[in-house]
Amino acid sequence: MNWSFADLEGFLTVAETKSFRASAERLNLTASALSKRIQKIEKELGNELFQRTTRQVRLTSAGQEFLPIARKLLAELDSYLMQAHGTASRYDRRLAIGCIPSMAATFLAPILVPFHRANPTTRLRVFDGSYGEVVERVRSGDAEFAINFTLGTESEVDFLPLFKDPFVIGCAKSHPLAKKRSVTWADITRYPCVTISRHSGNRLLLDVAASDSAHRITGFYEVDNLSSALEFVEAGLGISVLPRYSFTRSYLKGVAIRPIAGLKVHRQIGIMQRPGAPLSRHAEQLKAMVLKAAAKLP
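Computed from a predicted structure; not experimentally measured. (Residues numbered from 1 in each chain as written. Predicted model: local features only at pLDDT ≥ 70, side-chain atom pairs only at ≥ 80, totals over all residues. Heavy atoms only, no water.)

Turning our attention to the side chain of Asn-202. Along the chain, Asn-202 falls in helix H8 (residues 201–209). Assessed through its relative accessible area of 9%, Asn-202 is described here as buried. A distance of 3.0 Å separates the side chain of Asn-202 from the side chain of Arg-267, its partner in a polar contact. Residues within four places of Asn-202 in sequence aside, it is in contact with Phe-149, Phe-167, Leu-226, Pro-243 and Arg-267. (Helix = DSSP H or I, 4+ residues; strand = E, 2+ residues; numbered from the N terminus. Buried < 20%, exposed > 50% of the residue type's maximum accessible area, 1.4 Å probe, protein only. Polar contact = N/O pair within 3.5 Å; in protein donor to acceptor, adjacent residues only side chain to side chain. Contact = heavy atoms within 4.5 Å.)

Structure follows, in structure tokens:
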């Protein structure tokens, strides 16, 4: 075998980020140095591991086959190093799940407190990406399961509904709409809005639900991430229609939330899994805790 621990780490980082540039920055390498690490593995295997275009980096079929092997090899090397340094007894298990950021901050984090208490040696990797990124993590087997919402178009994954997350209005506490108990769509159109880009699953849900012109929102500011939208709202740049669970405790200090009268829009939150893929014991335990927490929601 002509590759090293560092070469495997380079391959797995590119597979995770889908970007040579981002991976090189994370590993503190030049792009050419990272490419050479990947090429060493490709030469040994006799296959290209990544398909590279000007827009994206994707695993080839050979890369997809090698991915679980690389993870296992790296985990075994990692375990050996921990034993050599006397730390294996502290951290001897791994678990990987997916979760959209808004659910990670507001719903998942409190669940992980008792989970860690019950499993203090389990290291958890949370892939907290966008809707599409989380779906892909489950589909590829990177994550054993994920907390996500559904657009009803996902393939190769099962979806177990948990609860509905309604879209609400967020505005600065000094905004005129903050004085209302609820707002109408007519109220919304009177003020500058901060919208999420059309590449977002949240935006797609909103556009489908508000498909007629009377309920369509035109953004004065458009951003890619919910966190950016919340920052703009808190700064008083405009109002925004966002899922209720995107408003973390930190933003609630400066942002007022009001329900929308009339048209009701929500996203269905649930658990995504690969069909027929068994969960590890700790994944089953965490899933059960997620189900229990969801059942207690109002």
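What follows picks up the thread again.
With respect to the helices and strands, Asp-142 occurs in the loop between helix H6 (131–140) and strand S5 (146–149). A polar side-chain atom of Asp-142 sits 2.7 Å from a polar atom in the side chain of Arg-137. Those residues in contact with Asp-142 that sit more than four places away from it in its chain are Leu-67, Arg-71, Ala-96, Phe-127 and Arg-137.

Pairs of packed helices are described in terms of their axes, by the angle between the two and the distance that separates them. Put simply, helix H2 (residues 20–27) and helix H3 (residues 31–45) touch, their axes get as near as 9 Å, and they point 100 degrees apart. Accordingly, the angle class assigned to the pair H2 and H3 is roughly perpendicular. Between H2 and H3, the residues in contact are Phe-20, Ser-23, Ala-24 and Leu-27 and Ala-31, Leu-34, Ser-35 and Ile-38, respectively. Taken together, the residues that form the contact of H2 with H3 break down as 6 nonpolar, 2 polar and no charged. (Axes fitted to C-alpha atoms, helices over the stretch in contact; angles between N-to-C directions. Parallel < 35°, antiparallel > 145°, perpendicular 65-115°, else oblique. Nonpolar A, V, L, I, M, F, W, Y, C, P; charged D, E, K, R; others polar.)

Looking now at the environment of Gly-270. Residue placement: Gly-270 occurs in strand S11 (residues 266–273). Residue Gly-270 is classed as buried on the basis of its relative accessible area, which comes to 0%. Residues Gly-270 and Val-290, 20 residues apart in the sequence, show an inter-C-alpha distance of 9.7 Å. Setting aside residues up to four positions removed in sequence, Gly-270 forms contacts with Ala-146, Ile-147, Asn-148, Phe-159, Leu-160, Pro-161 and Leu-162.

Of note, Lys-18 is a non-glycine position whose phi angle comes to about 60 degrees, a positive value. Note on placement: Lys-18 falls in the loop between helix H1 (5–17) and H2. Residue Lys-18 is classed as partly exposed on the basis of its relative accessible area of 41%. Unusually for a residue other than glycine, Glu-156 sits at a positive phi of about 65 degrees. Summarising the element assignment, Glu-156 is placed in the loop between S5 and strand S6 (158–172).

Now for the nonpolar core. Of all hydrophobic cores here, the largest spans 51 residues; its most connected members are Met-103, Phe-107, Ile-147, Phe-163, Ile-188 and Val-241. The element that contributes the greatest number of residues to this core is helix H5 (residues 101–118), accounting for 6 residues. If we ignore the near neighbours within four places in the chain, the residues touching Met-103 are Leu-108, Ile-147, Phe-163, Asp-165, Tyr-245, Arg-267 and Ile-269. In this structure, Leu-34, Ile-41, Leu-49 and Phe-66 belong to the second largest nonpolar core, which totals 19 residues. (Core = buried A, V, L, I, M, F, W, Y, C linked by side-chain atoms within 4.5 Å.)

This structure, assessed with the given rule, holds 9 salt bridges. When the shortest N-O distance is used, the salt bridge between Arg-267 and Asp-165 registers 2.9 Å. Placement of Arg-267 in strand S11 and of Asp-165 in strand S6 is noted, with a sequence separation of 102 residues between them. A residue is classified by how much of its surface remains accessible, and Asp-165, at 0% relative accessible area, is buried. For Lys-180, the salt bridge identified is with Asp-187, shortest N-O distance 4.0 Å. Relative accessible area serves as the criterion here: at 35%, Lys-180 is assigned to the partly exposed category. On the basis of relative accessibility, which here comes to 6%, the residue Asp-187 falls in the buried class. One continuous salt-bridge network, built from bridges that share partners, spans Glu-16, Arg-26 and Arg-125. (Salt bridge = Lys/Arg side-chain N within 4 Å of Asp/Glu carboxyl O.)

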